[in-house]
Protein chains: 2
Amino acid sequence: MSQPVERSPASTRTVFFVSDGTGITAETFGHSVLTQFELRFKQVRLPFIDTPDKAYDALRKINETFAADGQRPIIFSTLVKADLSSIVRQSQGMHMDLIQTFVEPLEQELGVKSTHTIGRSHTSTDSEEYKNRIEAINFSLAHDDGQSHKNLSAADVILVGVSRSGKTPTSLFLAMQYGIKAANYPLIPDDFEREKLPGGLQAYKHKIFGLSIAADRLAEIRNERLPGSKYAALENCRYEVNEAERMMRREGIRWMSSTTKSIEEIAATILQEIKLDPPIKD
Amino acid sequence: MSQPVERSPASTRTVFFVSDGTGITAETFGHSVLTQFELRFKQVRLPFIDTPDKAYDALRKINETFAADGQRPIIFSTLVKADLSSIVRQSQGMHMDLIQTFVEPLEQELGVKSTHTIGRSHTSTDSEEYKNRIEAINFSLAHDDGQSHKNLSAADVILVGVSRSGKTPTSLFLAMQYGIKAANYPLIPDDFEREKLPGGLQAYKHKIFGLSIAADRLAEIRNERLPGSKYAALENCRYEVNEAERMMRREGIRWMSSTTKSIEEIAATILQEIKLDPPIKD
């Protein structure tokens, strides 16, 4: 009898994200599960699988991968229609099905049938919520980096901080993910000398939130942009960060350090801190 | 014996999104399941539940909601640590657990233990992937609305279309979600008269992608911005859209209509069409 071939647990698996829509949910969901493993995965997106033909195409790709890899691919699926899902389920992959797993128990709990509707995860472009998001993106763009003081009363939050502390990506993320109108203003040496917040902001102090950052990290980021400049010098970064933090303390502005935080983490923290809890898309 | 009280299936349920991190995955996941039901839900975010104290706090909130609502809340959880998860599981809610449900079968399949690490779903800010995303956001901002022709060779995609066809939010979403450097250029009457793409773009035709939009929808959007203007007039919108589509056909530029599409759908379609498949975060 031949010895069984021992399979290396570390060999690269292929993972498919299969969706009848954009695949963003399948990807987010799969990613959050996969990051629990210290392994590398080969990842393949299969979005817009919304007809039987496309489902058979996906099935074929998965089976070809199984043949090529010699181990079964992992499938994260958000297919909603039973007929499409049942086609992909015939594959030789391991099926992780977000909808089937959770929708059926919920149908029982809620005492109603689900609609099994394709691509509902992203709100229709006619909805108020979608329009608010687009409006928030336009607002945040128009109010990026202190460009405009117009209409600040409409802002949900106003971010302040030294240049390159993370204000711009955070503002755009707040708008895009949560439909929050986020203006942002740099704190610059002029403001420190005047010992005052940039003009016009004083009136909106209740919705100002500050971002700070470790001076050495700031110097690193600025050096990528303007290498060797005074702007990027560690000493200057130390001065700006100290002054900015002193100003925020003096003005009683809530703030956090962005040094080791992703824009997702900064944004979620801001929502909590300023008790902004935007309605969840539905 | 008293008659059992019939519970209306349509009464508003409370839903909790519980996470040790930002809660974005729990929310995306829960949202995609909930949209399968034609019901309204009261939705509550509980992010950053990363200590036993906070888990007990969450447990208390859920049980209080059960008492107040008279029906059990639904919990979408991405808690990774077993000790935190087991606290929240003691609640009187219905527990939908993304990690436990899928990580355990995967451990078996992969032949390795998961790391059970908190908040790994969003990549660390030191990673190449994270830096690329921030760089892409900065690139897309600097190249918004034809602001700059510098460094176009670094663009992954260049969007063109008439003003208000959806180029800006799509560019920012491509950058933020996928780390794609997306420049965008408006097509304006000057370009139509010259019968040429905006200067400098000709050399990059292989990575240009067009957005069009139904003229009546465009007029609606522009009228919100500049009511009664020539810019917003239906006749002018018709002219611009026709000319833009004619130009894109003549130049052999791939394009799609953004009329009924969300920015997520437009972005995912562009990825497919120009065979851009950015590496998936890991």
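Per-chain numbering applies: the sequence of each chain, read as written, is numbered from 1 onward. Chains carry letters and ligands carry numbers; both start at the beginning, A for chains and 1 for ligands, and go up in the order they are written. The predicted nature of this model means local features are confined to residues of pLDDT at least 70 and side-chain atom pairs, given and counted, to a pLDDT of 80 or more, with totals for whole chains, interfaces and linings taken over all residues. Processing note: side-chain calculations cover all non-hydrogen atoms of the structure and skip hydrogens and water entirely.

Enquirer: Can you help me understand the pairing of strand S1 (residues 13–18) of chain B in this one?
Expert: On a regular strand, each side chain points to the face opposite its neighbour's, so the side chains alternate between the two faces of the sheet. All names here are of chain B. Only protein chains enter the accessibility calculation, which uses a 1.4 Å probe. A residue is then buried if its area is under 20% of the maximum for its type, exposed if over 50%, and partly exposed in between. Counting from the N terminus, the helices are the DSSP runs of H or I reaching at least four residues and the strands are the DSSP runs of E reaching at least two. Among the 6 residues in S1, 6 count as buried, and that is most of the element. The alternating pattern of S1 places Arg 13, Val 15 and Phe 17 and Thr 14, Phe 16 and Val 18 on opposite faces, both of which are buried. As paired elements, S1 and strand S2 (residues 41–46) share 6 bridges and run parallel to each other. Its bridge partner being in S2, Thr 14 is matched across the sheet by Lys 42. Look down the strands so they point away from you; if going from the first strand over the helix to the second traces a clockwise path, that crossover is right-handed. Traced from S1 through helix H1 (residues 24–34) to S2, the parallel crossover comes out right-handed. Two strands pair if DSSP finds at least two bridges between them.

Enquirer: Explain the domain arrangement of chain A here, please?
Expert: How big an interface is tends to be stated in terms of the accessible area lost upon association of its parts. Domain start and stop positions are those given by an automatic or database domain assignment. Along its sequence, chain A is carved into domain 1 (13–110) and domain 2 (128–273). Put simply, the middle of domain 1 of chain A and the middle of domain 2 of chain A, counted by C-alpha atoms, are 39 Å apart.

Enquirer: Quick question: what am I supposed to make of the pairing of strand S6 (residues 182–186) of chain B here?
Expert: All names here are of chain B. Across the 5 residues of S6, 5 count as buried, placing the element largely inside the fold. The two faces of S6 match: Ala 182, Asn 184 and Pro 186 on one face and Ala 183 and Tyr 185 on the other face are all buried. Pairing geometry for strand S5 (residues 157–161) and S6, over 5 bridges, is parallel. Among the inter-strand pairings, Leu 159 is bridged to a residue of S6, identified as Asn 184. Crossover connection from S5 via helix H6 (residues 167–178) to parallel S6: handedness right-handed.

Enquirer: Please clarify how the nonpolar core should be interpreted in this entry.
Expert: The nonpolar side chains of a soluble globular protein tend to be buried, and buried together. To form a nonpolar core, buried Ala, Val, Leu, Ile, Met, Phe, Trp, Tyr and Cys residues must be joined to one another through side-chain atoms within 4.5 Å. Among the nonpolar cores identified, the biggest contains 54 residues, and Val 157, Leu 174 and Tyr 178 of chain A together with Val 157, Leu 174 and Tyr 178 of chain B are the most heavily contacted of them. Setting aside its immediate chain neighbours within four residues, Val 157 of chain A contacts Leu 174, Ile 180, Lys 181, Ala 182, Ala 183, Lys 207, Phe 209, Ile 270, Ile 274 and Leu 276 of chain A. Leu 34 and Phe 102 of chain A together with Ala 26 and Phe 37 of chain B belong to the second largest nonpolar core, which has 39 residues in total. A contact between two residues is defined here by any heavy atoms of the two lying within 4.5 Å.

Enquirer: Please explain unusual backbone geometry as it appears in this structure.
Expert: A negative phi holds for most residues other than glycine; trans holds for most peptide bonds. Positive phi, close to 75°, is recorded for Arg 164 of chain A, a residue that is not glycine. Tracing the chain through its elements places Arg 164 of chain A in the loop between strand S5 (157–161) and helix H6 (167–178). Here Glu 195 of chain B, not a glycine, exhibits a phi torsion of approximately 50°, which is positive. In this structure, Glu 195 of chain B sits in the loop between helix H7 (189–194) and strand S7 (208–212).

Enquirer: How should I be thinking about the packing of helix H4 (residues 98–110) of chain A against helix H4 (residues 98–110) of chain B in this particular structure?
Expert: Helix-helix packing: each pair is described by the crossing angle between the helix axes and the interaxial distance. Think of each axis as a best-fit line through the C-alpha atoms, taken over the contacting stretch in the case of a helix, with angles from 0 to 180 degrees between the N-to-C directions. Between H4 of chain A and H4 of chain B, the shortest axis-to-axis distance is 12 Å and the interhelical angle comes to 135°. When the axes of H4 of chain A and H4 of chain B are compared, the pair comes out oblique. The crossing of H4 of chain A and H4 of chain B is right-handed. In this structure, H4 of chain A contributes Leu 98, Thr 101 and Phe 102 of chain A to the contact, and H4 of chain B contributes Leu 98, Thr 101 and Phe 102 of chain B. Nonpolar residues are Ala, Val, Leu, Ile, Met, Phe, Trp, Tyr, Cys and Pro. Charged residues are Asp, Glu, Lys and Arg, and all others, Gly as well, are polar. Of the residues assigned to the contact of H4 of chain A with H4 of chain B, the class counts are 4 nonpolar, 2 polar and no charged. Throughout, the term roughly parallel applies to angles under 35 degrees, roughly antiparallel to angles over 145, roughly perpendicular to angles from 65 to 115, and oblique to all others. Note on convention: the crossing is left-handed when the near helix lies turned anticlockwise from the far helix by less than a right angle, right-handed when the turn is clockwise.

Enquirer: Explain the UniProt feature "binding site: ADP" in chain A to me, please; I cannot follow it from the model alone.
Expert: All names here are of chain A. Following the UniProt record, one finds the feature "binding site: ADP" at Gly 161, Val 162, Ser 163, Arg 164, Ser 165, Gly 166, Lys 167 and Thr 168. Along the chain, Ser 163 turns up in the loop between S5 and H6. Residue class for Ser 163 comes out partly exposed when judged on its relative accessible area of 22%. Apart from the residues lying within four places of it in its own chain, the contact partners of Ser 163 are Leu 187, Leu 218, Arg 222 and Tyr 231. UniProt positions are given in the numbering used here, feature names are shortened, and annotations may be inferred rather than shown by experiment.

Enquirer: What am I meant to see in the environment of Arg 254 of chain B here?
Expert: Residue and element names in this part refer to chain B. Within the element layout of this structure, Arg 254 appears in strand S8 (residues 254–257). Given a relative accessible area of 30%, Arg 254 falls into the partly exposed group. A C-alpha to C-alpha distance of 29 Å links Arg 254 and Glu 224, two positions 30 residues apart in sequence. Excluding residues within four positions of it along the chain, Arg 254 makes contact with Lys 205, His 206, Lys 207, Ile 208, Phe 209, Gly 210, Glu 273 and Ile 274.

Enquirer: What is the right way to read the sheet that holds S5 of chain B from this model?
Expert: In any sheet, the strands associate via hydrogen bonds between backbone groups, in a parallel or an antiparallel arrangement. All names here are of chain B. Taken in spatial order, the 4 strands of this open sheet run S6-S5-S7-S8, and their pairing is parallel. Unpaired on one side and paired on the other, S6 and S8 mark the two borders of the sheet. Each neighbouring strand pair of the sheet contributes to a mean axis angle of 25°, computed without reference to strand direction. With 3 bridges connecting them, S5 and S7 associate as parallel partners. Residue Ile 158 lies in a different strand from S7, and its bridge partner there is Ile 208. Packing of helix H9 (residues 234–251) onto the sheet brings it into contact with S5, S7 and S8, and relative to S7 it is tilted by some 155°.

Enquirer: Teacher, can you tell me more about the confidence of the model for chain A here?
Expert: For any part of a model where pLDDT is low, the fine detail of the predicted coordinates should not be relied upon. All names here are of chain A. On average, residues of chain A score 90 in pLDDT, and 92% of them reach the 70 mark or higher. The predictor's confidence in any single residue is recorded as pLDDT, a number from 0 to 100. The secondary structure element of chain A with the lowest average pLDDT is helix H1 (residues 24–34), at 89, and the one with the highest is S5, at 98. Scored below 50 in pLDDT, residues 1–10 shows 8 contacts in the model against residues more than four places distant or in partner chains.

Enquirer: What is the right way to look at the interface of chain B and chain A in this model?
Expert: Taken together, the contact pairs 86 residues of chain B with 86 residues of chain A. When a carboxyl oxygen of Asp or Glu lies within 4 Å of a side-chain nitrogen of Lys or Arg, that pair is called a salt bridge. Between the two partners, chain B and chain A, sit 6 salt bridges. We note a salt bridge from Arg 13 of chain B to Glu 109 of chain A, for which the minimum N-O separation is 2.7 Å. Contacts described as polar in this section are N or O atom pairs within 3.5 Å, which, within protein, must combine one atom able to donate a hydrogen with one able to accept it, while residues neighboring in sequence count only if both atoms come from side chains. Our count for the contact surface shared by chain B and chain A stands at 10 residue pairs in polar contact (both at pLDDT 80 or more). For the side of chain B that touches chain A, the element with the most residues is H4 of chain B, which contributes 10 residues. Classifying every residue of the side of chain B that touches chain A by side-chain character gives 39 nonpolar, 26 polar and 21 charged.

Enquirer: Got a minute to help me understand the sheet that holds S1 of chain B in this structure?
Expert: Residue and element names in this part refer to chain B. The strand order across the open sheet formed by 4 strands is S2-S1-S3-S4, and the pairing between neighbours is parallel. With one partner strand each, in any of the chains shown, S2 and strand S4 (94–97) form the two edges of the open sheet. Each adjacent strand pair in this sheet contributes to an overall mean axis angle of 20°, direction not counted. The strands touched by H1 within the sheet are S1, S2, strand S3 (74–77) and S4, with S1 carrying the most contacts at an inclination of about 150°.

Enquirer: Any chance you could explain the relation of the copies chain B and chain A here in plain terms?
Expert: Least squares is used to superpose the copies, and the fit set is the C-alpha atoms of residues whose pLDDT is at least 70 in both copies. Rotating chain B by 180° and moving it 0.0 Å along the rotation axis overlays it on chain A with an RMSD of 0.0 Å. Here the transformation between the copies is reduced to the relation of a two-fold axis. Of the C-alpha atoms belonging to chain B, the one lying closest to the rotation axis is found on Phe 29 of chain B, 3.2 Å away. Both copies share a contact surface, since 100% of the interface residues of chain B are interface residues in chain A too.

Enquirer: I tried to follow the side chain of Gln 71 of chain B on my own but got confused; where do I start?
Expert: Residue and element names in this part refer to chain B. Residue placement: Gln 71 occurs in the loop between helix H2 (52–69) and S3. Taking the relative accessible area as the measure of exposure, Gln 71 reaches 6% and is therefore buried. At a separation of 3.2 Å, a polar atom in the side chain of Gln 71 contacts the main-chain carbonyl oxygen of Thr 12.

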